[in-house]
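Okay, here's what each chain looks like letter by letter:
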Amino acid sequence: MSDILTPTEEALAEAPSPTRGGGALRYVLTKIGGGLLSFALVIVLGFLLFRALPGDVITTMTRGRPATPEQIALLERQFGLDLPLWQQFLNYLGDLLRGDLGDSYVYRVPVLQKIEERLWPTVLLVGVSTLISVALGLWIGTRSGWRRGSRFDRISTGVALALWSTPTFWLGMLLLAATTGLFPTAGIVYSDTPPDFLSQALDVAHHLVLPTITMVAVTYAQYQLVMRSSLIEEMGADYLTTARAKGLRDDVVRRKHAVPNALLPTVTLVFLHLGFVIAGAISVETVFSWPGLGRLTYDALRVGDLPLLQGTFIVLAGAVIFMNVLADLLYRVLDPRVRAA
C-alpha cells in the first residue's frame, strides 16, 4: 500500500536537490531590510505627525493658570520646542540612536521607563486574548468548514461576521453596561488586595475578564473564517480523496491530512495579526482603564506629551512591523511550497 502524500510532502519530494542556502539567505535579508526601511519611515512619520496635531503641551500645562509670555518661552526652551523643526528632528534622531526616547513632559520621567511600566499589562491582555481567540477560532473554523452548509456552519459564520464588524470600543461599553457590578470596570487590581501571590493573581484575573472577552469577541472571528475557508479549499484535494478511498475514517482524514495543511494560512495570520492586536488594544484599554500601553498612548495624546506619544507610537508600530516580518519568515519555514518556488 503506497503512502498518501499531502501537498506539503509532494513539494518536499519534488524540490530540486541542490542547496538553496543562498536563496534562503537572500529572502531573509530582503524581508529584514524591508522591515528596517518601514521602521525608519515610521520614525519620520511619527515625528512629523504628532507635531501637526492641533494644540500643544505648553497650552495644556498652562490651561486655567495665568502664564506670562516669558514663562511660556522658558517652557518652550526647556522642552526644546523653540528650535527649528529640522534641528528638533536631528536631536530626536540622535537620542533615538542612543536608545533614549526622551523625557515625558507630564510624568517627568524617561519615556522608556514609563513604557516598561505599562508594557506587561498590555502583554498579559494581548497574550491571554490571543491564545483564547486562536483556540476558539481554529476549533469553530475546523468544525464549520468540515460541515459546510450545516446549521452549525451557518450560525457560527453569521455570528463571526457580525462580531468581526463590531467596533471594539462599542462592544466594550456594551459589556460594561450589561455586567454592572459583576466585574471590575477599571484598573488591574484593587488597592486593598492582600499582597500574597494567589490573591493578586485572582484579582488580576477578575479584572481581566471584560477586556479579554471584548478582544476575543472581535478577533477570534478572523481566525475562524480563514480556517474555514482554508479547510474548504483543502477538502476538494486529490490526496483527501485517495485517503478516503483507502478506507481511512473521516475524523482521521480531517485530523491528520486536511487540518495540518489548512493550518498554514491561519498560523501565519496569527503572527501577522498579533502586531495589529497590540496596536488595537488602545481602545480596549481606554474603555476599561487598563494600565497598559494603549491607555498610556491615549493619555499622552490627550495632553500632547510629544516624547511619550513618539515613544509609544514607535513601540506599537515596531510591534506591527516585527510581526509582519516574522510572519513572512515563518510561512517560508512552515510551507515547503514557498521554499520550492
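Just so it is clear, the model here is predicted, and its values are computed rather than measured. Note that residues are indexed from 1 along each chain, following the sequence as it is written. With the structure being a predicted model, the display of local features is reserved for residues of pLDDT at least 70 and the display and counting of side-chain atom pairs for 80 or more, all residues being used for whole-chain, interface and lining totals. Working from all heavy atoms in the structure, the side-chain values ignore hydrogens and water.

**Points about the overall build of the chain**
Think of it this way: any DSSP run of H or I at least four residues long counts as a helix, any run of E at least two long counts as a strand, and we number them from the N terminus. Helix and strand counts for the chain stand at 14 helices and 0 strands. Starting at the N terminus and ending at the C terminus, the chain contains elements arranged as α-α-α-α-α-α-α-α-α-α-α-α-α-α. Classification of residues uses two cut-offs on accessible area relative to the type maximum, computed with a 1.4 Å probe and protein chains only: under 20% is buried, over 50% is exposed, and between them is partly exposed. The buried share of the chain, reckoned over its 341 residues, is 40%. Residues are treated as being in contact if the distance between any of their heavy atoms lies within 4.5 Å. In the chain, the proportion of contacts linking residues at least 24 apart, taken out of those at least 6 apart, comes to 77%.

**A word on the pattern of salt bridges**
A pair is scored as a salt bridge if a Lys or Arg side-chain nitrogen falls within 4 Å of a carboxyl oxygen belonging to Asp or Glu. According to the stated counting rule, one finds 6 salt bridges in the structure shown. For the salt bridge of lysine 31 with aspartate 328, the shortest nitrogen-to-oxygen distance reads 3.8 Å. In this pair, lysine 31 is assigned in helix H2 (residues 21-51) and aspartate 328 in helix H13 (residues 306-334), connecting sequence segments 297 residues apart. Note that arginine 98 and aspartate 95 form a salt bridge whose closest N and O atoms lie 2.3 Å from each other. By relative accessible area, which is 63% here, arginine 98 ends up exposed. Ionic contacts of the salt-bridge type, sharing partners, join the residues Arg295, Asp299 and Arg302 into one network.

**Considering the nonpolar core**
One finds Tyr92, Leu96, Ile115, Leu125, Val126 and Met215 to be the most contacted residues of the largest nonpolar core, which totals 33 residues. Within the residue set of this core, elements represented by two or more residues are H2, helix H5 (85-97), helix H6 (111-146), helix H8 (168-178), helix H9 (197-235), helix H11 (250-287), helix H12 (293-303) and H13. Among residues more than four places away in sequence, those in contact with leucine 96 are Ile43, Leu101 and Ile314. The next biggest cluster of nonpolar side chains, apart from the first, holds 8 residues, and it includes Met227, Ala258, Val259 and Ala262. By nonpolar core we mean a set of buried residues, namely Ala, Val, Leu, Ile, Met, Phe, Trp, Tyr and Cys, connected to one another through side-chain atoms within 4.5 Å.

**Considerations on H6**
Given 3.6 residues to a turn, an α-helix orients residues that are three or four positions apart in the same direction. Taking 1.5 Å of rise per residue, the 36 residues of H6 would be expected to cover 52 Å, and the 50 Å separating its terminal C-alpha atoms lies within 8% of that figure. By the largest-angle criterion, arginine 118 marks the main kink of H6, which is about 30°, and a proline, proline 121, follows within four residues. A helix is expected to span 1.5 Å multiplied by its residue count minus one. The angle separating two fitted axes, one through the seven residues that finish at a residue and one through the seven that start at it, defines the bend at that residue.

**Regarding a nonpolar patch on the surface**
Only residues whose relative accessible area exceeds 30% and that form no salt bridge enter a patch; like-charged residues are grouped when within 9 Å of one another, and nonpolar side chains (Val, Leu, Ile, Met, Phe, Trp, Tyr) when within 5 Å. Surface exposure here means Shrake-Rupley accessible area, sampled with a 1.4 Å probe, where a residue is shielded only by the protein chains that are shown. A grouping of Phe169, Trp170, Met173 and Leu174 is seen on the molecular surface, where their side chains present a nonpolar patch of about 410 Å² in accessible area. With respect to the element layout, leucine 174 can be found in helix H8.

**Let's talk about the confidence of the model for the chain**
The pLDDT value expresses, per residue, how confident the predictor is, ranging between 0 and 100. Taken as a whole, the chain shows an average pLDDT of 79; of its residues, 82% reach a score of 70 or greater. For the stretch residues 11-19, pLDDT sits under 50, and the model shows 7 contacts to residues farther than four places along the chain or on other chains.

**Looking at the packing of aromatic side chains**
Aromatic contacts are taken between Phe, Tyr and Trp rings whose centres are within 6.5 Å, Trp giving its six-membered ring; a plane angle under 30 degrees counts as stacked, one over 60 as edge-to-face, and the others as tilted. Tallied over the entire structure, the rule returns 3 aromatic pairs. On the basis of an interplanar angle of 65° and a centroid distance of 5.1 Å, the ring pair of phenylalanine 47 and phenylalanine 89 is categorised as edge-to-face. Pair noted here: phenylalanine 47 is in helix H2 and phenylalanine 89 is in helix H5, with a separation of 42 residues, a long-range link. Here the aromatic cluster, defined as three or more aromatic residues joined through ring pairs, consists of Phe47, Phe89 and Tyr92. Note on criteria: charge over ring means Lys NZ or Arg CZ within 6 Å of the ring centre, with the direction from the centre no more than 35 degrees off the ring normal. Just above the ring of tyrosine 107 sits the side chain of lysine 114; from NZ or CZ to the centre is 4.2 Å.

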